[in-house]
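One letter stands for each residue in the lines below.
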Amino acid sequence: MAKAQATLTINDHDYELNVYKGTLGYEAVDMRPLTKHQLFAYDPGLVSTAVCESEITYVDGDNGMLLYRGYPIDQLAANGDYLEISYLLLFGERPTKQQYDEFSQLVKRHTLVHEQLTKFFQGFRRDSHPMAVMCGVSGALAAFYHDSIDVNKEEHRELTAIRLLAKIPTLAAMCYKYSIGQPFMFPQNHLSYAGNFLYMMFATPCEPYVVNPVLERALDKIFILHADHEQNASTSTVRTAASSGANPFACIAAGIASLWGPAHGGANEACINMLEEIGTVDRIPEFIARAKDKSDPFRLMGFGHRVYKNYDPRAKVMRETCYEVLRELNIDNPLFDVALELERIALNDPYFIEHKLYPNVDFYSGIVLKAIGIPTSMFTVMFALARTVGWIAHWKEMYRQGNFKIVRPRQIYTGHKERDFPPMPKG
């Protein structure tokens, strides 16, 4: 990183600090020297703090840019598939044809999970939230594949990365099958990554299942668009867990738990719930008026984005995919009519344009997942499935860099000063 100097003055005392500049993005002031002067940086939510160096993903919210390893997200979604993008995220460069074929075959050889692991599901209630089950079974993988969890060995890290990438879709589909009382379907290694997942979700032993190529490609794009997103809450959680030397399965389980939060991974589910609340097109003006009323707690879900102050670049890709899926399935559902009318208003209404409340990726992906037949309770599981490769890439990068420390944030203490604690009176 390029380096400059800055001077921080506090109470007439000057502190010389390094300023770092990455390939793209903001400059970062190195606050570490302040600790020896009994000074901390105060940054709730770490929204202004760079906690690491990374070569994986770059987000520029002001200009609506998302890059994986320097490649724009729209080009990746148009010209690659999920396993090719996974290779790019994990190894830094796109694969050759031979590398891609070998990588794909390696992933497919690890799609099965240990047979004993299937018994874990019987310990959960059938109506358990799928994310609760995913947290449990993903962490439990460490009990079955403990032969490869020595994080200090590169060959173990590589094998575990492949295992996670291969097995998380199998576990995700098992969560769904268990919830509806259907038998688990074994993965079919002649299918694509997305096609195999659709098979494990919707096939039954009773009859042949043919993967719809339009839905297969749509799901593959959803996986690509959600594969990584820089230092978000769940990725930071994975890195924090990894900083203690925790095994990779535990780190991914921690990421899944973080993603479960409605402020992070539940946005597309909230979007569908909102569309169902609106119900019909004729009720849209009422809800638009409520969204514009600052005194009304109602919010339009799926519009605007905390990071993207411009149009979410993933939404542009997902919008086209959304229309392709709806045309293919020709579904007569008022929910989709409501969604498309809301989209039309958001793209033309001066209020939405002025406030940059464009439909985001969650708006369109929620519609696509719903159209495919995936229940809303599984939406966050789909997000976790797609994001697993990003988490693994960051976990691997930490060990490759080799200079990370255990995460230990500081605080501003606002409790009592020191006070005595005498024995409790007897009698």
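Residues numbered from 1 in each chain as written. Predicted model: local features only at pLDDT ≥ 70, side-chain atom pairs only at ≥ 80, totals over all residues. Heavy atoms only, no water.

1. Some thoughts on helix α10 (residues 248–259)
Counted at 1.5 Å a residue, the expected span for α10 with its 12 residues is 16 Å, and the 16 Å between its end C-alpha atoms agrees. Restricting attention to buried positions, one finds in α10 the residues P248, F249, C251, I252, A253, G255, I256 and L259. Looking at the buried side of α10, the elements it contacts are α5 (130–144), α6 (154–180), α9 (233–242) and α17 (379–401). The opening residue of α10, the one whose side-chain oxygen lies 2.9 Å from the backbone nitrogen of F249, is N247. (Helix = DSSP H or I, 4+ residues; strand = E, 2+ residues; numbered from the N terminus. Expected span 1.5 Å × (residues − 1). Buried < 20%, exposed > 50% of the residue type's maximum accessible area, 1.4 Å probe, protein only. Contact = heavy atoms within 4.5 Å. Polar contact = N/O pair within 3.5 Å; in protein donor to acceptor, adjacent residues only side chain to side chain.)

2. What to know about the packing of aromatic side chains
In this structure the tally under the stated criterion is 19 aromatic pairs. Measuring from ring centre to ring centre gives 5.0 Å for Y82 and Y193, while their planes differ by 35 degrees; the resulting arrangement is tilted. Of this pair, Y82 sits in helix α2 (residues 82–91) while Y193 sits in helix α7 (residues 193–202), and the two are 111 residues apart along the sequence. The two residues Y82 and Y193 agree in class, both being buried. (Phe/Tyr/Trp six-rings, centres within 6.5 Å; stacked < 30°, edge-to-face > 60°.)

3. Section: the side chain of H229
With respect to the secondary-structure elements, H229 resides in the loop between α8 (213–225) and α9. Owing to a relative accessible area of 10%, H229 belongs among the buried residues under this scheme. Beyond its immediate stretch of four places on either side in the chain, H229 contacts T57, V59, L66, H305, Y308, R314 and R387.

4. Digging into unusual backbone geometry
For L46, which is not glycine, the phi dihedral falls at a positive 55 degrees. One can find L46 in the loop between β3 (27–29) and β4 (57–60). Owing to a relative accessible area of 49%, L46 belongs among the partly exposed residues under this scheme. Backbone geometry places K356, a non-glycine residue, at a positive phi of 55 degrees. Along the chain, K356 turns up in the loop between α15 (350–354) and α16 (361–372). Take K356: its relative accessible area is 42%, and that puts it in the partly exposed class.

5. Re the packing of helix α11 (residues 267–278) against helix α14 (residues 334–348)
Two elements in contact, α11 and α14, have axes separated by 9 Å at closest approach and are oriented at 105 degrees. Taken together, the axes of α11 and α14 lie roughly perpendicular to each other. For the pair formed by α11 and α14, the contact residues are I272, M274, L275, E276 and I278 on the first element and L335, V338, A339 and L342 on the second. For the contact of α11 with α14, the residue count by class is 8 nonpolar, no polar and 1 charged. (Axes fitted to C-alpha atoms, helices over the stretch in contact; angles between N-to-C directions. Parallel < 35°, antiparallel > 145°, perpendicular 65-115°, else oblique. Nonpolar A, V, L, I, M, F, W, Y, C, P; charged D, E, K, R; others polar.)

6. As for the domain arrangement of the chain
Once the domains are mapped, the chain shows domain 1 (2–50), domain 2 (73–230 + 248–257 + 381–398) and domain 3 (266–372). In this structure, domain 2 and domain 3 have C-alpha centres spaced 28 Å apart. Facing 17 residues of domain 2, the contacting portion of domain 3 comprises 18 residues. Together, the buried faces of domain 2 and domain 3 total about 1,500 Å²; carbon and sulfur atoms form 74% of this surface. For domain 2, the biggest contributors to the area lost against domain 3 are L215, L225 and H229; these three give 32% of the whole. For the pair domain 2 and domain 3, the number of links is 0 salt bridges. Between the two partners, domain 2 and domain 3, sit 1 residue pair in polar contact (both at pLDDT 80 or more). For the side of domain 2 that touches domain 3, the elements supplying multiple residues, two or more each, are α1 (73–79), α7 and α8. Here the side of domain 2 that touches domain 3 gets 7 residues from one element, more than from any other, and that element is α8. Broken down by class, the residue content of the side of domain 2 that touches domain 3 amounts to 11 nonpolar, 4 polar and 2 charged. (Domains from an automatic or database assignment. Buried area = accessible area lost by both parts, 1.4 Å probe. Salt bridge = Lys/Arg side-chain N within 4 Å of Asp/Glu carboxyl O.)

7. Concerning α16
When the terminal C-alpha atoms of α16 are compared, their 16 Å separation across 12 residues agrees well with the 16 Å that a helix rising 1.5 Å per residue should span. Of all 12 residues making up α16, 11 are buried, and the element is well covered by its neighbours. Along α16, the positions that sit buried rather than exposed are V361, D362, F363, Y364, S365, G366, I367, V368, L369, A371 and I372. Next to the buried residues of α16 lie α7, α8, α11, α13 (313–329), α14 and α17. Of the residues flanking the start of α16, the one acting as N-cap is N360, its side-chain oxygen 3.0 Å from the backbone nitrogen of D362. G373, located one to two residues past α16, shows a positive phi value of around 110 degrees.

8. A few points about the UniProt feature "active site" (unreviewed entry) in the chain
Those residues carrying the UniProt feature "active site" (unreviewed entry) are H305 and D362 in this numbering. In three dimensions, the annotated residues from a span of 58 residues occupy one location, with a maximal C-alpha spread of 9.6 Å. Position of H305 relative to the elements: it lies in the loop between α12 (284–292) and α13. If sequence neighbours within four positions are ignored, H305 has contacts with H229, D312 and R314. Along the chain, D362 falls in helix α16. For D362, a relative accessible area of 10% gives the class buried. Dropping the residues within four chain positions of it, D362 is found in contact with H226, A267, N268 and C271. (UniProt positions renumbered as here; feature names shortened; annotations may be inferred.)

9. A short note on the pairing of strand β2 (residues 13–21)
Relative to β3, β2 runs antiparallel, the two sharing 3 bridges. Within the sheet, the bridge partner assigned to K21 lies in β3 and is E27. Here β2 hands over to β3 after 5 residues, with G25 in that stretch at a positive phi of 100 degrees. (Pairing = 2+ DSSP bridges.)

10. Thoughts on the packing of α8 against α13
One can describe the packing of α8 onto α13 by two numbers: an axis separation of 10 Å at closest approach and a directional angle of 160 degrees. Classified by the angle their axes make, α8 and α13 are roughly antiparallel. Taken as a pair, α8 and α13 cross one another with a handedness that is left-handed. Across the interface between the two elements, V214, L215, A218, K221, I222 and L225 from α8 touch R314, V317, M318, T321, E324, V325, E328 and L329 from α13. Class assignment for the residues of the contact of α8 with α13 results in 9 nonpolar, 1 polar and 4 charged. (Left-handed = near helix turned anticlockwise from the far one by under 90°.)

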